[in-house]
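A closer look at the structure
Here's the letter readout for the chains.
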Amino acid sequence: MAPPGIKLVQKVSSTRTFGRLAPHVIPALDRTVHRLTRGKVLLSAQMLPGVILSARGAKSGIERRTPLACMPEEGRGTWLLIGSNFGRPGHPAWTANLLAHPDAEINWRGADVPVTARLLEGREREEAWAAALKFWPPYAAYQRRVEREIRLFRLERR
């Protein structure tokens, strides 16, 4: 059973207001704290595990650094990234970047890890989605608010 604080955060993060405000506040805070602590602290990771994704822009080719919640797959040594965009209509830009340039890097617990991202489809996506919903139930609310299918990527070490 999740601690009461987690349940409250899950409830708040399921709201439309959170979905409108969080994309403007959380990534900026994460980048600042991560930089100030030299990669040792990712503020949002206090509630959900997180990584800093470094991937080339789909169109520009310029490296983009994006703080993201992730779901570590401990038994596999991989990570799931969920392109929920806080339940907003469009796919987040980082998903297009990974589709165009799947070789990327993450900063995981202060260590840089080269990875290859793979978009999950079919049965593999269904299984990963079920695991993601157990891990963080608000993803279901995000999916209900949008017509697009939320993209899921599995990151594997290179």
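The structure under discussion appears in the preceding block.
On a predicted model such as this, the values are computed, not experimentally measured, just so you know. (Residues numbered from 1 in each chain as written. Predicted model: local features only at pLDDT ≥ 70, side-chain atom pairs only at ≥ 80, totals over all residues. Heavy atoms only, no water.)

A few words on the pairing of strand 6 (residues 111-119). Taken together, the six bridges between strand 5 (residues 103-108) and strand 6 define a ladder with antiparallel strand orientation. The residue bridging Ile 106 from the neighbouring strand is Val 113, located in strand 6. Between the antiparallel neighbours strand 5 and strand 6 lie two residues, among them Arg 109 with a positive phi of about 55°. Sheet topology note: the strand 6/strand 7 (residues 151-157) ladder contains five bridges and is antiparallel. Bridge pairing in strand 7 places Leu 119 opposite Phe 153. (Pairing = 2+ DSSP bridges. Helix = DSSP H or I, 4+ residues; strand = E, 2+ residues; numbered from the N terminus.)

Our next topic: the nonpolar core. Residues Leu 53, Trp 79, Leu 81, Leu 98 and Ile 106 are the most contacted members of the largest nonpolar core, which totals 17 residues. At the level of elements, strand 1 (50-56), strand 4 (78-83), helix 3 (93-100), strand 5, strand 6 and strand 7 are the ones that each hand at least two residues to this core. By size, the runner-up hydrophobic cluster in this structure holds 14 residues, among which are Met 71, Leu 120, Ala 128 and Val 146. (Core = buried A, V, L, I, M, F, W, Y, C linked by side-chain atoms within 4.5 Å. Buried < 20%, exposed > 50% of the residue type's maximum accessible area, 1.4 Å probe, protein only.)

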